[in-house]
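Understanding the architecture of this molecule
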Amino acid sequence: MNLRDRHFWIILATGALLGTLGVLLAVWGNPENSGICVSCFIENSAGALGFHDNPRMQYLRPELIGFVLGAAVSAIAAREFRSRGGSAPLPRLVSGIFLMVGCAVFIGCPIKLFLRLTAGDLTAAAGVIGLVAGVWAGLRGLSNGVELGTHQREQGGSGLLVPAFFALLLLFLIFRPGFVLSSDKGSAAQYAPRAISLGVGLLLGAVAQRSRFCITGSVRDAMLMGLRSYMPWGFLAFCGAAVMFNIGTGRFHPGMFGQPGSHPDHIWSFLGMGLVGWISVIIGGCPFRQLIKAGEGDADAGLVVLGMFIGGALVQSWGIAATAAGVSFYGKVAVLAGFTFLLATSLLCRERIA
Amino acid sequence: MRPGMMTICRTSIYFMLTSIVFSTLLLSGCKDTKKRPVMRIGYMNCNNEQETMQRFLPLTRYLSEKLDVEFVAVPVDTHDFEKRFRDGEFTFTHTNSLIYIILRENYKLGLIASDKRGNFGARTGGAIIARKGSGITKLSDIRGKRMVFGPMLAPTGYLAEYDLMLRSGIDPEKDLAYYAIPSGSYKHEKLVYGVLFGQYDVAAAPLLDLEVMTREGKIAPDDFVILAQTPIIPYCTFGADSKTDPKLIDKFRQALLDLKPSDTVEINGERIKVLKAAWADGYEELLDSDYNIIRDMARRVNMPPYQKY
Amino acid sequence: MFKDRFDRLLWLLLAVAITALLILLGTHSPGGGNDHSATGLNKALEREMAYQARVALLQKLYAPVENLCKSGDLQGALFRLDELARTYPGEAHSHILKGEILHQLGAREEAIASYVQGIKLSGDYIDKKSPLSRHDDIRRLVDEGLKEIGGRAKANPGNASLAAAMKNVYYLQSRLAGGCE
């Protein structure tokens with residue numbers, strides 16, 4: 001660990017900002033323990049665009065738009081925007097769907113997982129163990145030749161499409177056409193002021209692009225290199241900042257029961273996050289990282305993002321998403337289908353040494 | 001030995017082994033009911049023996065299947081229950097909550113589980129009712145009127161309402177014109193009809209019976225006025241003799257708690273829903289302390305097991 | 001990208017398409033003619049009106065029950081509610097009102113179970129700002145449940161029914177705390 005390396009401090013700052021703003025967004029109006037939750041935001045945004053009809057989950061989250069556009073602007077400014085892709089497009093699309101399944105069954109993405117834990121929600125512990133187990137399984141797969149293939153630099157501008165789509169969403173956010181829905185009840189009716197949300201999203205998108213920060217990447221690097229890698233330090237900064245701000249804002253309530261947005265089905269929390277961890281390693285990043293990469297021009301990540309939007313619609317329409325009462329039958333089926341897909345993909349996309 | 005003989009011997013051995021294995025497999029599928037212990041469950045009659053057996057035979061069969069014990073259902077009249085239990089006629093009991101307390105206090109009956117039925121689940125209450133339009137609109141109006149109660153050992157047909165009246169300063173022995181208890185079966189329904197058709201002015205009606213009769217369309221909520229309502233108390237209860245194996249009691253309880261509305265048993269070639277037949281929505285594990293409210297009522301009303309002569 | 005005539009033609013057509021789009025967006029006024037965006041605006045309005053109509057219908061349907069409650073005839077209200085529940089099975093409002101009545105009658109576990117059923121069907125009753133909100137009543141019930149049922153459950157750790165009752169209390173507590181639902 002080189003303290004003189006600027007990159008180390010960028011990662012540390014990214015982690016600290018993510019933890020701080022993740023708590024503060026909830027203070028400013030986002031749902032409890034969900035100041036930043038990529039999966040919840042995608043479900044809300046999918047609903048706003050009319051992809052599902054849950055009237056309690058329809059709101060175009062400005063943070064999501066900010067993540068992608070912030071990353072795009074940062075990449076362009078640093079001349080790192082490169083249109084690339086072409087590696088296993090359909091498996092990536094389907095991976096995006098199952099990322100959302102895993103998150104919906106746990107009720108949260110990896111960022112929210114740790115925001116919940118740092119707020120004292122001990123039910124998230126099963127998810128943490130699942131995420132770590134999933135990352136480990138993904139690493140085992142990679143070391144045994146499972147690979148979706150590398151992307152290539154593309155002649156066309158396919159990497160521009162997803163940032164362009166989010167630019168369109170920004171126009172929707174500003175001009176609010178009638179077909180964009182907005183809940184007036186439920187968790188989607190809880191949001192921080194739009195300008196603040198967008199600003200936070202842009203800031204986090206930019207710093208995350210510069211730092212390459214990723215929650216599952218931190219877990220992966222910790223397994224492979226321990227604290228010699230910078231990423232785990234960013235993760236520790238994220239957790240430390242989140243704990244501090246949760247305690248400081250009176251949002252730290254340790255316990256197993258009565259936690260917002262949690263359920264008592266620990267085995268399915270473990271499996272849901274396990275699915276997310278495993279997929280994240282195979283496709284090269286957690287849901288948040290996929291958004292950032294899509295902003296940088298990575299069309300493969302863009303397909304994952306589109307898959308996540310499809311998944312966000314499906315988990316609401318098909319009753320896959322878990323609730324405080326627990327995981328539904330369809331949610332359990334979807335998680336097991338996700339593991340089936342993952343295992344089949346690993347078998348089919350494996351380079352075997354003769 | 002010649003090769004041919006060896007072949008015949010080998011074939012015979014294979015045939016014998018196959019027969020033994022096949023027979024063992026066949027016989028293991030048979031339930032050896034002769035070896036199952038036999039135990040009796042005494043079910044308190046609400047109205048008559050036939051109704052009791054219709055209600056509780058499926059449940060008894062279900063318990064037999066679950067616990068691998070040959071349970072026998074024994075219908076018992078309310079007033080004979082204590083004596084027959086004392087004489088050791090049955091190990092398990094199903095009674096109203098007052099009889100449960102009597103057996104608990106006198107013979108240390110163990111609590112297993114309580115029936116859930118109606119809006120209050122494993123509890124129920126009683127009410128003092130009058131016909132709408134009779135001019136009786138509040139409890140104090142019942143002084144000097146004709147009243148009908150349910151059976152004396154009925155917690156929500158007699159005990160709870162009697163206690164309610166005493167606590168309200170109305171002595172049923174002195175302040176009413178008279179009170180009666182219907183004869184024969186279906187006493188609870190008879191007392192409701194007695195008020196509706198003017199034979200009596202007020203009645204002590206169990207809330208559960210009012211609920212059921214309303215649901216069945218026999219009466220309408222607008223037909224009567226509820227003058228007062230008792231606190232809610234535990235409903236019908238399963239108990240076990242104190243000498244019963246605690247592990248068996250736990251299994252019995254768990255079998256009851258695990259019952260779902262869709263569970264069925266076969267009786268005379270017919271599949272019958274156990275809970276529906278038993279008139280129950282399920283079973284709940286109450287605590288003995290939940291019955292203290294009935295104990296207090298019985299003391300105030302001078303009813304068994306606390307009666308003083 | 002400006003190599004030949006075809007490139008130049010493509011750029012020209014692109015400029016025409018973008019200009020046409022900008023002109024269309026710039027000159028569009030909502031509500032005029034064959035305008036599907038007006039339908040989009042109306043969608044939100046229609047949804048709001050349908051919701052208000054539903055709330056008004058529920059208040060009308062269940063008014064006899066609420067009147068009986070106000071007059072103190074809680075058991076009568078319960079009988080009336082049973083009748084309505086047979087006509088409109090699966091209606092969340094029925095479960096919520098039943099929970100309120102049972103709470104007042106002292107049947108705490110059954111009240112909590114009814115509230116749970118109602119809220120699983122419709123989260124409007126737990127939202128603070130909804131016209132159907134029962135947030136404060138549920139908060140009170142949860143506090144009572146944690147104290148009373150929680151105390152008995154702690155003293156009798158093997159009791160399955162108390163554990164099931166506590167599960168319901170924790171569910172309500174979790175819904176009150178918020179989250180993505």
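Residues numbered from 1 in each chain as written. Chains lettered and ligands numbered in written order. Predicted model: local features only at pLDDT ≥ 70, side-chain atom pairs only at ≥ 80, totals over all residues.

Moving on: the overall build of chain B. Helix and strand content of chain B: 10 helices and 15 strands. Its C-alpha atoms give chain B a radius of gyration of 26 Å, more than 25% over the compact-globule value 19 Å for 309 residues. Based on the C-alpha atoms only, the size of chain B along its principal axes is roughly 110 × 40 × 30 Å. In chain B, which comprises 309 residues, the share counted as buried stands at 42%. Long-range pairs, those at least 24 residues apart, make up 78% of the contacts in chain B between residues at least 6 apart in sequence. (Helix = DSSP H or I, 4+ residues; strand = E, 2+ residues; numbered from the N terminus. Rg over C-alpha atoms; globule rule 2.2 N^0.38 Å. Buried ≥ 20, exposed ≤ 12 C-beta atoms within 10 Å, placed from the backbone. Contact = placed C-beta atoms within 7 Å.)

To continue, consider the sheet that holds strand β9 (residues 202-206) of chain B. Residue and element names in this part refer to chain B. Pairing is mixed in the open sheet, where five strands are placed in the order β8-β7-β9-β6-β10. One side of each edge strand has no neighbouring strand; the edge strands of this open sheet are β8 (178-180) and β10 (224-229). Going from strand to strand, the sheet's axes swing by 30° on average, the running direction of each strand aside. Each of β6 (126-131), β7 (146-148), β9 and β10 is contacted by helix α6 (residues 187-196), which is oriented at about 145° to β9, the strand it contacts most. Strand contacts of helix α7 (residues 207-215): β6 and β9, with the helix running at about 85° to β9, the strand carrying the most contacts. (Pairing = 2+ DSSP bridges. Axes fitted to C-alpha atoms, helices over the stretch in contact; angles between N-to-C directions.)

Our next topic: the interface of chain C and chain B. Often, the extent of an interface is quoted as the loss of accessible area on bringing the components together. On the chain B side, the residues contacting the 18 residues of chain C number 18 residues. Those elements that place two or more of their residues in the side of chain C that touches chain B are α4 (74-87), α6 (108-121) and α8 (160-177) of chain C. It is α4 of chain C that provides the largest number of residues to the side of chain C that touches chain B, a total of six residues. Broken down by class, the residue content of the side of chain C that touches chain B amounts to six nonpolar, six polar and six charged. (Nonpolar A, V, L, I, M, F, W, Y, C, P; charged D, E, K, R; others polar.)

Contacts between the two partners involve 24 residues from chain A, matched on the other side by 20 residues from chain C. Residues that form the side of chain A that touches chain C fall into these classes: 11 nonpolar, 10 polar and three charged.

Next up on the list: the pairing of strand β2 (residues 70-76) of chain B. Residues and elements named next belong to chain B. For strand β1 (residues 38-44) and β2, the ladder comprises seven bridges, and the chain directions are parallel. When the bridges of β2 are listed, Gly 42 appears paired with Val 74. Read as a crossover between parallel neighbours, the route from β1 over helix α2 (residues 49-67) to β2 is right-handed. (Right-handed = clockwise from strand over helix to strand, strands pointing away.)

Moving on, we get to the nonpolar core. Within the largest apolar cluster, 115 residues are counted, with the highest numbers of intra-cluster contacts made by Val 68, Val 101 and Ile 111 of chain A. Of all the elements, helix α11 (residues 266-283) of chain A adds the most residues to this core, at 11 residues. Setting aside residues up to four positions removed in sequence, Val 68 of chain A forms contacts with Val 162, Pro 163, Phe 166, Gly 205, Leu 291, Ala 294 and Gly 295 of chain A. The next biggest cluster of nonpolar side chains, apart from the first, holds 114 residues, and it includes Ile 41, Val 76, Ile 99 and Ile 136 of chain B. (Core = buried A, V, L, I, M, F, W, Y, C linked by C-beta atoms within 7 Å.)

The next thing to look at is unusual backbone geometry. Across residues other than glycine, the phi torsion is negative in most instances, and most of the peptide bonds are trans. All names here are of chain B. For the bond from Pro 304 to Pro 305, the omega torsion is 5°, close enough to zero to count as cis. Mapping Pro 305 onto the fold places it in the segment after α10 (292-301). Even without a glycine there, the phi angle at Asp 68 is positive, about 55°. With respect to the secondary-structure elements, Asp 68 resides in the loop between α2 and β2. The phi angle at Asn 268 is positive, at roughly 50°, despite the residue not being glycine. For Asn 268, the position within the fold is in the loop between β13 (264-267) and β14 (270-273). For Asn 268, a count of 6 C-beta atoms within 10 Å translates into the label exposed.

It is worth spelling out the domain arrangement of chain B at this point. All names here are of chain B. Each assigned domain of chain B is listed here: domain 1 (35-121 + 234-301) and domain 2 (126-230). Between the C-alpha centres of domain 1 and domain 2 there is a distance of 27 Å. Going through the elements one at a time, α4 (97-107) and α10 are the ones with two or more residues in the side of domain 1 that touches domain 2. Looking at which element gives the most residues to the side of domain 1 that touches domain 2, the answer is α10, with five residues. Counted by class, the side of domain 1 that touches domain 2 contains six nonpolar, seven polar and two charged residues. (Domains from an automatic or database assignment.)

What follows is about the packing of α4 of chain C against helix α5 (residues 92-104) of chain C. All names here are of chain C. Packing of α4 against α5 brings their axes to within 10 Å, and their N-to-C directions diverge by 160°. Compared by their axis directions, α4 and α5 come out roughly antiparallel. Classified by chirality, the crossing of α5 by α4 is left-handed. Residues Leu 74, Ala 77, Leu 78, Leu 81, Leu 84 and Ala 85 of α4 form the contact with α5, whose own contacting residues are Ser 94, Leu 97, Lys 98, Ile 101 and Gln 104. Partitioned by chemical class, the residues of the contact of α4 with α5 number eight nonpolar, two polar and one charged. (Parallel < 35°, antiparallel > 145°, perpendicular 65-115°, else oblique. Left-handed = near helix turned anticlockwise from the far one by under 90°.)

In this section: the arrangement of the chains. The top pair by number of contacts, from a total of two pairs of chains in contact, is chains A and C. The two units chain A and chain B remain apart, with a minimum C-alpha distance of 18 Å.

Okay, the pairing of strand β3 (residues 92-95) of chain B next. Residue and element names in this part refer to chain B. Along β3, one buried face is formed by Phe 92 and His 94 and the opposite face, lined by Thr 93 and Thr 95, is buried too. Summarising the sheet, β1 and β3 pair through three bridges and their orientation is parallel. Bridge assignment links Ile 41 to a residue of β3, and that residue is Phe 92. In this sheet, strand β12 (residues 237-240) lies alongside β3 in antiparallel orientation, the contact comprising four bridges.

Let's shift gears to the sheet that holds strand β4 (residues 110-116) of chain B. All names here are of chain B. Spatially, the six strands line up as an open sheet ordered β2-β1-β3-β12-β4-β15, and their pairing is mixed. In the strand order of this sheet, the two ends are held by β2 and β15 (282-284), each with one partner. Taking the axes of each pair of neighbouring strands and ignoring which way they run, one obtains an average angle of 25° across the sheet. Together, β4, β12 and β15 form the strand contacts of helix α8 (residues 246-257), whose direction differs from that of β4 by roughly 10°.

Residue and element names in this part refer to chain C. Structurally, Lys 43 is set in helix α2 (residues 36-61). Given 15 C-beta atoms within 10 Å, Lys 43 falls into the partly exposed group. Sequence separation between Lys 43 and Ser 130 is 87 residues, and the spatial gap between their C-alpha atoms is 20 Å.

Examined against the element boundaries, Cys 40 of chain A turns out to sit in helix α2 (residues 38-48). Distance from Cys 40 of chain A to Cys 103 of chain A, taken between C-alpha atoms, is 8.5 Å for residues 63 residues apart in sequence. Not counting residues within four places of it along the chain, the set of residues in contact with Cys 40 of chain A comprises Ser 34, Gly 108 and Lys 112 of chain A together with Cys 180 of chain C.

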